Structures are given as C-alpha cells and as structure tokens.
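Descriptive analysis of the structure
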Amino acid sequence: MVEALLAMKAYLLFSFLFGYSFTLQLDSAARRGVDFAPRFRRRLAGLFVLGILHAVLLFQGDILTTYALLGLVLLATRRVAVGTALRAAVLLTGGIGFVLALAGSSPTSSGTGGSCVGCGSWAIR
C-alpha cells in the first residue's frame, strides 16, 4: 500500500521534474546560442556515476542511473514532432499495458505453484 501510494507518486513527480528541467535547459541554451547536447551529456554522465555509486554503496533500488540512460533517449528524440511523440507514447503505453495484462492472465502467475485448479483450457499439465 505504501509503495502504491507514496513511492510510485515520487517516481512520477521526479520524472516530471526531470523532463521539465530538460526543457528549461534546452530553452536557456537556445537563448544563449550555445550547443545544448555536450553539456547535457556531461550532466547525464555525472548523474550516471552518482547513481552507480549510490547503488553500490547505499541503496540498490536507485533510479539515478535509469534517469541518466533515459536522458540519452530524451536527448536523441528532442526534435521529434509533437504528434509523432504523442503517437509513440500511446503505442508504448498501450503495448506495455497489453504485455502486462497478458502476463497477469497467465496461469503460472496465480501463485499456486503450478497446480491450476479451475483454469480450464489454460491448465498446464
């Protein structure tokens, strides 16, 4: 319950802030007329190193390395049109939801240790 109500909301909030800071940095670099990518890659490298150190020394469930890797994807797709980005988001979200729904309907995920009482045609014998 704590995981669903608190931790997942923190991930959502920090993901939003990461993306928003990306747009602020991108706009700032454009106003100053400097290349954005090298500085952002250096910041991602630092974030990755901090994430690795934190994961090794303190907490294995660290999210900083994931942010650093996804930041590279964000950097690579920064010039994609809004419509294309929305279509990709819908397809990715729907595809992941579909895969998770299939995994959840699997008879082996029932926690019965292989004995599937009442599974009908899904039963694995």
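No experiment lies behind these values; they were computed from the predicted model shown.

For the rest of this paragraph, the subject is the overall build of the chain. Counting secondary structure elements, the chain contains four helices and zero strands. Ordering the α and β elements of the chain from the N terminus gives α-α-α-α. Here the chain holds 125 residues, and the buried ones make up 14% of them. Restricting to contacts in the chain with at least 6 residues of sequence separation, those with at least 24 account for 45%. About 9600 Å² of surface is accessible on the chain, with carbon and sulfur atoms providing 71% of the total.

Core analysis: the largest hydrophobic core is formed by 11 residues, namely Phe-18, Phe-22, Ala-29, Phe-36, Ala-37, Phe-40, Leu-44, Leu-47, Tyr-67, Ala-68 and Leu-75. Apart from residues no more than four positions distant in its own chain, Phe-18 is found in contact with Phe-40, Leu-44, Leu-47, Tyr-67, Gly-71 and Leu-74.

Looking at the secondary structure, you find Arg-39 in helix H2 (residues 36-57). For Arg-39, a relative accessible area of 38% corresponds to the partly exposed category. For the pair Arg-39 and Gln-25, spaced 14 residues apart in the sequence, the C-alpha separation amounts to 9.7 Å.

Moving on to helix H3 (residues 64-76). With 13 residues, H3 should reach 18 Å at 1.5 Å per residue; the first-to-last C-alpha distance of 19 Å fits that figure. Of the residues making up H3, those classed as buried are Thr-65, Tyr-67, Ala-68, Gly-71 and Leu-75. Burial along H3 is one-sided: seen end-on, the buried residues are contained in an arc of 160°. Of the residues in H3, the exposed ones pointing more than 90 degrees away from the buried face are Leu-70 and Ala-76.

All right, on to the packing of aromatic side chains then. Enumeration according to the criterion identifies five aromatic pairs in this entry. Arranged with centres 5.3 Å apart and planes meeting at 10°, the rings of Phe-18 and Tyr-67 form a pair that is stacked. Here Phe-18 is found in helix H1 (residues 2-32), whereas its partner Tyr-67 is found in helix H3, with 49 residues between them in sequence. A relative accessible area of 18% means that Phe-18 is categorised as buried. An aromatic cluster of three or more residues is present, and its members are Phe-22, Phe-36 and Phe-40.

A cluster of nonpolar residues, Phe-48, Val-49, Ile-52, Leu-53, Val-56, Leu-57, Leu-58, Phe-59, Leu-69 and Leu-72, forms a patch on the protein surface that exposes about 1000 Å² of accessible area. Going through the elements one at a time, H2 and H3 are the ones with two or more residues in the nonpolar patch. Ranked by residues supplied to the nonpolar patch, first place goes to H2 with six residues. Within the element layout of this structure, Phe-59 appears in the loop between H2 and H3.

Our focus in this paragraph is the confidence of the model for the chain. Of all residues in the chain, 82% have pLDDT values of 70 or greater, and the mean over the chain is 82. The least confident element of the chain, judged by mean pLDDT, is H1 at 84; the most confident is H2 at 92.

On to the packing of H2 against H3, then. Running from amino to carboxyl end, H2 crosses H3 at an angle of 160°, the nearest separation of the two axes being 7 Å. In terms of orientation, H2 and H3 fall into the roughly antiparallel class. The interaxial crossing formed by H2 with H3 has left-handed handedness. Seen from H2, the contacting residues are Phe-36, Ala-37, Phe-40, Arg-41, Leu-44, Leu-47, Phe-48, Leu-50, Gly-51 and Ile-52; seen from H3, they are Leu-64, Thr-65, Tyr-67, Ala-68, Leu-69, Gly-71, Leu-72 and Leu-75. Of the residues that constitute the contact of H2 with H3, the class distribution is 14 nonpolar, three polar and one charged.

Definitions and cut-offs
What you see as residue numbers is a count from 1 along each chain, following the sequence as written. In keeping with the model being predicted, local features are shown solely for residues with a pLDDT of at least 70 and side-chain atom pairs are shown and tallied solely at 80 or more, while totals for entire chains, interfaces and linings include all residues. Each side-chain value is derived from all of the structure's non-hydrogen atoms; neither hydrogens nor water enter the calculation. A helix here means a DSSP run of H or I that spans at least four residues, while a strand means a run of E at least two residues long, and both kinds are numbered starting from the N terminus. Exposure classes here rest on a 1.4 Å probe applied to the protein chains alone. A residue is buried below 20% of its type maximum, exposed above 50%, and partly exposed in between. Residues are treated as being in contact if the distance between any of their heavy atoms lies within 4.5 Å. Using a 1.4 Å probe, the Shrake-Rupley method yields the accessible areas, and only the shown protein chains count as cover for residues. Definition of nonpolar core: a set of buried residues of the types Ala, Val, Leu, Ile, Met, Phe, Trp, Tyr and Cys, connected through side-chain atoms within 4.5 Å. Here the expected length of a helix is defined as 1.5 Å per residue gap, with one fewer gap than residues. Note that the arc is computed from the directions linking the helix axis to the C-beta atoms. Paired rings are identified among Phe, Tyr and Trp, the last through its six-membered ring, by centres lying within 6.5 Å, and are further divided according to the angle between planes into stacked (under 30 degrees), edge-to-face (over 60) and tilted (the rest). Each patch is built from residues that are more than 30% exposed by relative accessible area and take part in no salt bridge. Like charges join if they lie within 9 Å; nonpolar side chains (Val, Leu, Ile, Met, Phe, Trp, Tyr) join within 5 Å. By definition, a salt bridge exists where a carboxyl oxygen of Asp or Glu is found within 4 Å of a side-chain nitrogen of Lys or Arg. Scored from 0 to 100, pLDDT records how confident the predictor is in each individual residue. Lines are fitted to the C-alpha atoms to define the axes, a helix being fitted only along its stretch in contact, and any angle between axes, read from their N-to-C directions, falls within 0 to 180 degrees. Angles are sorted into four bins: roughly parallel if under 35 degrees, roughly antiparallel if over 145, roughly perpendicular if 65 to 115, and oblique for all others. Crossing handedness is read from the near helix: turned anticlockwise from the far helix by less than a right angle, it gives a left-handed crossing, and turned clockwise, a right-handed one. Each residue is assigned to one class: nonpolar for Ala, Val, Leu, Ile, Met, Phe, Trp, Tyr, Cys and Pro, charged for Asp, Glu, Lys and Arg, and polar for all the others, Gly among them.

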